[in-house]
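# Examining the three-dimensional arrangement
The chain contents come next:
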Amino acid sequence: MTKLTESSPSTHSSETLPQSENRIPTSITWGVVVICILPLFLNLFGVDFSSFGEVLTPDMAAELTPTELFEAMHDSLEGSFVHTLLEWSAFCVALLIVLLSLMDYSLRGNPITPVLGVALFFSGMMDGFHTLAANHLLTVVAPTQDLVPFTWAICRLFHALIMIIGVFVLLNRNLSHQHTNPKDNLGFILVISGVCGLLAYALIYFTATQEFLPQTTYPDALLTRPWDFIPMLLFIVAGLWIYPKFYYRNPTPFSYALIISAIPNGATQAYMTFGSTALFDHAFNVAHFLKIIAYFVPLIGLGIEYIQTYKRQARSLYQDLQKSLNFIKNLVHDILESTRFTVQITRSGEKLEAMMTHQMQSTTEVIKTAQTISGRSQELSETVAEIEADFEKLRISCVSLSKKLGTIADQANRITRITSTIDNIAKQTKFLAINASIQAIGSGEHHEAQGFNIVAKEINALASQTRTTAQAINPIVQEMQVAVANGVDEMNTFTEAHVQAITPRIRLINQGIQAQVLSAQKIREEITQLGSSSEETSDYLRQTLDQTNDNLANLQQSVENLQEEINRFSRDPQSLL
């Protein structure tokens, strides 16, 4: 049977302990086997575990003192006392099993242990009823000689069947070993507990109310207690097939202990089936003692599983603490890095402040230069306005001069016409003179003298005309002289007053332009320097912000990891156990 449980399926949960830890120690298994076989060998060597006690008859009681009677009554009830002690020891072990299974369920949330623990507990309840009925602490109808063997057989049959049914229910439910919420399977456990309680109560009620119970003991037969043979077969089948199958599905120390418990359970039934012929005989007491062992083996398996659960949780806690420690170390490292980065930020801030101060100074210089340029531009604008006014005056003077020169031109035209007239007159005079000369030369007569007189008259008339013409030219020439003189005076006035006034203003304009050029160059230099400083500041700020973002992201991740750890411990405080 032990060899059958050496291996386990490879399909169970990853949280399952190694196979060597899923069994109870081999020494306990061999110890159970030895305990089961040892009474048989001891009986062969004359050791008797019976507890019949001396039978106290009424005649013997009449001869005893009250003290002796009290002692004799206790001696006669030795078998009942031993029987009660053994049965209630088994009941107490069953009570410990159900309590420990419920504690294990509260830790892991797996319903396997509480379901089987409840089944064992109600089997113990049946044993408790068996004891109370045997000691007449309960109101029963049947006689003790029939009640005790029958209730024993019924309790053992109930024990075998309720465990087998419980294992089959768990096999069909296909439970896992993963940690679940204890509330998830609470209804299932309550239903199983209710069914077991109802079955136990029904059997107790039936047994207590029956006046006649069937005979279960046959001292002269091979099977002295044939009613115990059926539970023996059930325990053998469970130990060889049902419990190992359950162990394959749920490899735990508790399920392995069920396999080992089949050994004392089968031995208990064998002692009763083949060896017990009367109440409180050797086989009877040995069987009741082995029943305690049969209860105690699952308790050992449950205790080992309980310890392993705490060990597993301790290992998990140790791993969590290691992770938390590493996380805290990383967090401290990140915080130190962030602190160093904060120092860098402080230094960078000082450098940035100096750069911004320089930039502000440059900006101030630019503003002053711009204000200077603005003032110069205003002065230049005013100067240009004055120049425009002077040029307007010059335009007016030029228009006036143009008109006067036009007058001179007109007068000149008149002089030209007059001069032409004079020229014509002069030509005619010349011709006349020439004719007079010719006449004078050709004739010396009186008649010729008249001709010369005529010529002389003509010449005189011509002279008169020339004089008249000359007189007409004289005022014209004078007017022209006056006009020219006025034009010359106006031109001189323009040259001395306006042109000389324009010259320094033009110089002022030139100086203003030069100042603007210098200011523009200075502005260009300042703006170039300001742009360089701004670019440097932008690059530095960009690098600083990138580094800040990286460090803040790392710090945020660390804080989130820490918060996740805290939340996990808050959600599952039992993981700290």
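Structure first, text after, so check above.
Computed from a predicted structure; not experimentally measured.

### Topic: the overall build of the protein chain
A count of helical and extended segments in the protein chain gives eleven helices and zero strands. The helix and strand sequence of the protein chain, counted from the amino end, reads α-α-α-α-α-α-α-α-α-α-α. Buried residues in the protein chain amount to 37% of all 577 residues. Expressed as a percentage of contacts within the protein chain between residues at least 6 apart in sequence, the contacts between residues at least 24 apart total 82%. Of the roughly 32800 Å² that the protein chain leaves accessible, carbon and sulfur atoms contribute 63%.

### Description of empty space enclosed by the protein
Scanning the entire structure with this criterion turns up one cavity of 30 Å³ or more. A volume near 40 Å³ is recorded for the largest cavity. Lining the largest cavity we find Leu-120, His-159, Met-163, Tyr-243, Leu-258, Ser-261, Asn-265, Ala-294 and Pro-298. Broken down by secondary-structure element, the contributors of at least two residues to the lining of the largest cavity are α6 (144-173), α9 (253-274) and α10 (282-442). Element by element, the count of residues in the lining of the largest cavity is highest for α9, at three residues.

### Focus: the packing of aromatic side chains
Taken as a whole and assessed by the stated rule, the structure comprises seven aromatic pairs. Chaining the aromatic ring pairs together yields one cluster made of Trp-88, Phe-91, Phe-121 and Phe-122.

### Thoughts on a nonpolar patch on the surface
On the surface, Phe-168, Leu-233, Ile-236, Val-237, Leu-240 and Trp-241 cluster together into a nonpolar patch covering about 540 Å² of accessible area. Here the nonpolar patch takes five residues from helix α8 (residues 229-249), the largest share from any one element. Along the polypeptide, Ile-236 turns up in helix α8. A relative accessible area of 38% means that Ile-236 is categorised as partly exposed.

### Quick notes on the pattern of salt bridges
Following the criterion strictly, the structure yields one salt bridge and no others. In this structure, the salt-bridge partner of Lys-291 is Glu-87, at a minimum N-O distance of 2.4 Å. Taken together, the residues Lys-291 in helix α10 and Glu-87 in helix α4 (residues 78-108) connect sequence positions 204 residues apart. A relative accessible area of 0% means that Glu-87 is categorised as buried.

### Some points on unusual backbone geometry
Backbone geometry at Phe-280 places phi at a positive 65°, although glycine is not the residue there. Residue placement: Phe-280 occurs in the loop between α9 and α10. We classify Phe-280 as buried; its relative accessible area is 15%.

### Concerning the packing of α8 against α9
Two packed helices can be described by the angle between their axes and the distance between those axes. Running from amino to carboxyl end, α8 crosses α9 at an angle of 170°, the nearest separation of the two axes being 8 Å. In terms of orientation, α8 lies roughly antiparallel with respect to α9. For the pair α8 and α9, the sense of crossing is left-handed. On the side of α8, the interface is formed by Phe-229, Pro-231, Met-232, Phe-235, Gly-239, Tyr-243, Pro-244, Phe-246 and Tyr-247, while α9 contributes Ser-255, Tyr-256, Leu-258, Ile-259, Ala-262, Asn-265, Gly-266, Gln-269, Ala-270, Thr-273 and Phe-274. A class-by-class count of the residues in the contact of α8 with α9 yields 14 nonpolar, six polar and no charged.

### Some words on the environment of Asp-127
Note on placement: Asp-127 falls in helix α5 (residues 112-134). Since its relative accessible area comes to 1%, Asp-127 is described here as buried. Residues Asp-127 and Phe-91 lie 36 residues apart in sequence; the distance between their C-alpha atoms is 6.6 Å. Beyond its immediate chain neighbours, meaning those up to four positions away, Asp-127 contacts Glu-87, Cys-155, Lys-291 and Tyr-295.

### Some remarks on the nonpolar core
In this structure, Leu-116, Met-163, Tyr-243 and Phe-246 are the most contacted members of the largest nonpolar core, which totals 77 residues. In this structure Tyr-243 touches Met-163, Val-167, Ala-238, Leu-258, Ile-259 and Ala-262, once residues within four positions along its chain are discounted. Counting residues in hydrophobic clusters, the runner-up holds seven residues, among them Ile-415, Ile-473, Met-480 and Ala-483.

### Examining the side chain of Ser-255
Residue placement: Ser-255 occurs in helix α9. Classification of Ser-255 by relative accessible area gives buried; the value is 1%. In terms of polar contacts, Ser-255 uses its side chain to reach the backbone carbonyl oxygen of Thr-252, at 2.9 Å. Non-local contacts of Ser-255, meaning those with residues more than four positions away in its chain, are made with Phe-246, Tyr-247 and Asn-250.

### Overview of the packing of α6 against helix α7 (residues 186-209)
Direction vectors running N to C along α6 and α7 enclose 160°, while the axes themselves pass 11 Å from each other. Viewed along their axes, α6 and α7 adopt a mutual orientation that is roughly antiparallel. Seen from above, α6 lies across α7 with right-handed handedness. Contact with α6, carried on its side by Leu-147, Phe-150, Thr-151, Ile-154, Phe-158, Ile-162, Val-169, Leu-170 and Arg-173, involves Phe-188, Ile-192, Cys-196, Leu-199, Ala-200, Leu-203 and Thr-207 of α7 and no other residues of that element. The class makeup of the residues in the contact of α6 with α7 is 13 nonpolar, two polar and one charged.

Conventions adopted
Residues numbered from 1 in each chain as written. Predicted model: local features only at pLDDT ≥ 70, side-chain atom pairs only at ≥ 80, totals over all residues. Heavy atoms only, no water. Helix = DSSP H or I, 4+ residues; strand = E, 2+ residues; numbered from the N terminus. Buried < 20%, exposed > 50% of the residue type's maximum accessible area, 1.4 Å probe, protein only. Contact = heavy atoms within 4.5 Å. Areas by Shrake-Rupley, 256 points an atom, 1.4 Å probe, with all protein chains shown as cover. 1 Å grid on protein atoms, 1.4 Å probe; cavity = no way out; pocket = protein on both sides within 12 Å on 5 of 7 lines; lining within 4 Å. Points joined across faces, edges and corners; volume = space filled by probe spheres on them. Phe/Tyr/Trp six-rings, centres within 6.5 Å; stacked < 30°, edge-to-face > 60°. Patch = residues over 30% accessible without salt bridge, like charges linked within 9 Å, V, L, I, M, F, W, Y side chains within 5 Å. Salt bridge = Lys/Arg side-chain N within 4 Å of Asp/Glu carboxyl O. Axes fitted to C-alpha atoms, helices over the stretch in contact; angles between N-to-C directions. Parallel < 35°, antiparallel > 145°, perpendicular 65-115°, else oblique. Left-handed = near helix turned anticlockwise from the far one by under 90°. Nonpolar A, V, L, I, M, F, W, Y, C, P; charged D, E, K, R; others polar. Core = buried A, V, L, I, M, F, W, Y, C linked by side-chain atoms within 4.5 Å. Polar contact = N/O pair within 3.5 Å; in protein donor to acceptor, adjacent residues only side chain to side chain.

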